Each structure stands twice: as C-alpha cells, then as structure tokens.
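Here is how the chains run, residue by residue.
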Amino acid sequence: MISLNFGEAQAQIAREAFYPIPSQTASAADFLTGKQGTPVALAGQLRLAKSGSTKQPLVILLHSASGPITDGAPYEEWPRVLNEIGIATFAVDSYAGRGLVNYPGDPNKISFLTRIIDAYRALDVAAKDPRIDASRVAVMGFSQGASAALYSSMARFQKMYGSPDLHFVGYISAYAICGTHFRDDENVTGPILMLHGAADDLTPITPCREYAERLSKAGKSARIIEYPDAFPPIRRPDVPDRGQIRTSAQSDQTMSLRRW
C-alpha cells in the first residue's frame, strides 16, 4: 500500500519554487544497455500544500506526450487535487530543456525510457528540499509519462540509473502503455496503482490488466482501477469524460491515493 498520509489541508497552494533537474537523453537501446546519454538540463515546479506538516509527502508528476502546457494537460489540476489533501507536487518538464514542444510532432527525439531517468533525477532534487519528506515520495505519470512512472518501479532500472539511498514509495500511472515486456519486469520495488479507462483505444487497457496480473502472481502489490466507458480525459481530474466520467471518478482517484 502506498502510504503518503496527509491529514487535513487547505485547498490553496502555500508556496512554489522552480528547480533545475540535471538529467540525460538516451535512446531506448542505450538506456537498456546502460550506456550514458547526452546531459540535459530540465526544470521542475514544486508546489507545497498549505499544511501544518513540517515535512510534506510529495508526488512527482510526469506529463503526457503532448507536453506540460497543452490543453488538457494535468499540471494544473493534479497539483490542486493533491495539495488539497496535504501532498506537495513536483511537476517535471521533460520537453523544454530538450527543445521539444509536442512529442507526436517529432516522435523520434525521446523515448519514454529516458524519462525514467528524469523521474530518478527529479527525486534526487526534491529530496534535498528540507520541506519534503524524502521517505514519502511517489511518482505519477500520464500517458507517455505514465509508462515512465510505471516502469521506474523496476529494480533493474533503479540499479542502473537511480540513487541507491533514494526510492519511490509508490508508482501511479494514468493511461500507461503496457505492451512491452522487459526482462525482470516483475521485480519491482514498491506498490503500483494503474488508472485506466476501459474504452480507450489509443492506449488499450488489456496489456495493463495482464501486467497487473503478472505482478500480483509474482507476489507484488499491483492494483488497476478501470473506469467503464472512459476515454483519456480522465488524465485531468476536473474534465468530465464523454458522458461517463463525473465527480465520482475524481473522488475514486483521490481516495485511491489516500489508501495507496
């Protein structure tokens, strides 16, 4: 169970800060073989909840393939939702530092695998902030970023690119692409929560169901929450789906974060 535990909090964001994130850009092949990529300077926005806690739990956010500031992007609504329950957020921009605007327009410049490195480096940076409880940091991603968040749970990748003294306490994906089987992908280091719309035909849910089943059979904590007839707008908790997603979906997701 992902335990960030938060207590009561006001809806307002108390403080925010921007931090540089030193990362690297690697091809999928280089990432999988452990070859170092090209250094790159990214940025992240830290938003602290208005809470009485001295050290706040944190969720690192990884945007979708459309980038961090496109219409429907989750970087405004999810910080608000999480701040309301006392959780700080650190939203990573994986594009600007690489000269990218929109991944679908230039799909060959970045693999979701290299964004796993972004997640680990963001954890390194956030853990140094004295207002953050480094023992209670989770990662959450959307679409392409969801795949990075999901597979950053793998012990093999953490050993290759993560810091030995820092680990995420949980991994949350919203509409991940789960079709790739990696070597040792059942050896994960923490609980996993997948959020997915059953009607989505862009990132089909079946491979994620199968991966969750494999993880559970391997004795790992993995849960998938399916939203019937739901399409990708669920990535933003404030946007109703085409006729089906309503306030209850946002409530379900928020409660899942409380339990997990």
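Summarised in this report is the structure supplied together with it.

About the thresholds
Numbering of residues starts from 1 in each chain and follows the order in which that chain's sequence is written. Reporting in this predicted model follows two pLDDT cut-offs: at least 70 for local features of residues, and 80 or more for side-chain atom pairs to be given and counted; totals over whole chains, interfaces and linings ignore these cut-offs and use all residues. Side-chain calculation: all heavy atoms of the structure are included, whereas hydrogens and water are not. Strands here are runs of E lasting at least two residues and helices are runs of H or I lasting at least four, both read from the DSSP assignment and numbered beginning at the N terminus. Burial classes: relative accessible area under 20% of the type maximum marks a residue as buried, over 50% as exposed, and values in between as partly exposed (1.4 Å probe, protein chains only). For this analysis, residues touch if any pair of their heavy atoms sits within 4.5 Å. We get accessible surface area from the Shrake-Rupley algorithm with a probe of 1.4 Å; when it comes to residues, only the shown protein chains can shield them. Pairs of cysteine sulfur atoms within 2.5 Å are what we label disulfides. Salt-bridge detection follows one rule: a side-chain nitrogen of Lys or Arg within 4 Å of a carboxyl oxygen of Asp or Glu.

## Considerations on the overall build of the protein chain
So, step 1. Each helix and strand in the protein chain was counted, giving seven helices and eight strands.
So, step 2. Within the protein chain, buried positions represent 54% of all 260 residues.
So, step 3. For the protein chain, long-range pairs separated by at least 24 residues make up 77% of all intrachain contacts whose partners lie at least 6 apart in sequence.
So, step 4. For the protein chain, the exposed area adds up to about 11,000 Å²; of that, 53% sits on carbon and sulfur atoms.

## A word on the state of the cysteines
So, step 1. Counted by the stated rule, this structure contains one disulfide.
So, step 2. C178 shares a disulfide with C208; S-S distance 2.0 Å. Taking the sign of the S-S torsion, 80° for the link of C178 and C208, the bridge is right-handed. In this pair, C178 is assigned in the loop between β6 (170–174) and β7 (192–197) and C208 in helix α6 (residues 206–217), connecting sequence segments 30 residues apart. Both residues of the pair, C178 and C208, belong to the buried class.

## Things to note about the pattern of salt bridges
So, step 1. Scanning all chains against the criterion turns up 11 salt bridges.
So, step 2. R80 is the partner of E84 in a salt bridge, and the nearest nitrogen-oxygen pair spans 3.1 Å. With a gap of four residues between them, E84 and R80 both fall in helix α2 (residues 77–84), about one helical turn apart.
So, step 3. For D129, the salt bridge is made with R131, and the minimal N-O distance between the two is 2.8 Å.
So, step 4. For R131, a relative accessible area of 25% corresponds to the partly exposed category.
So, step 5. Connected via shared salt-bridge partners are E77, R80 and E84.

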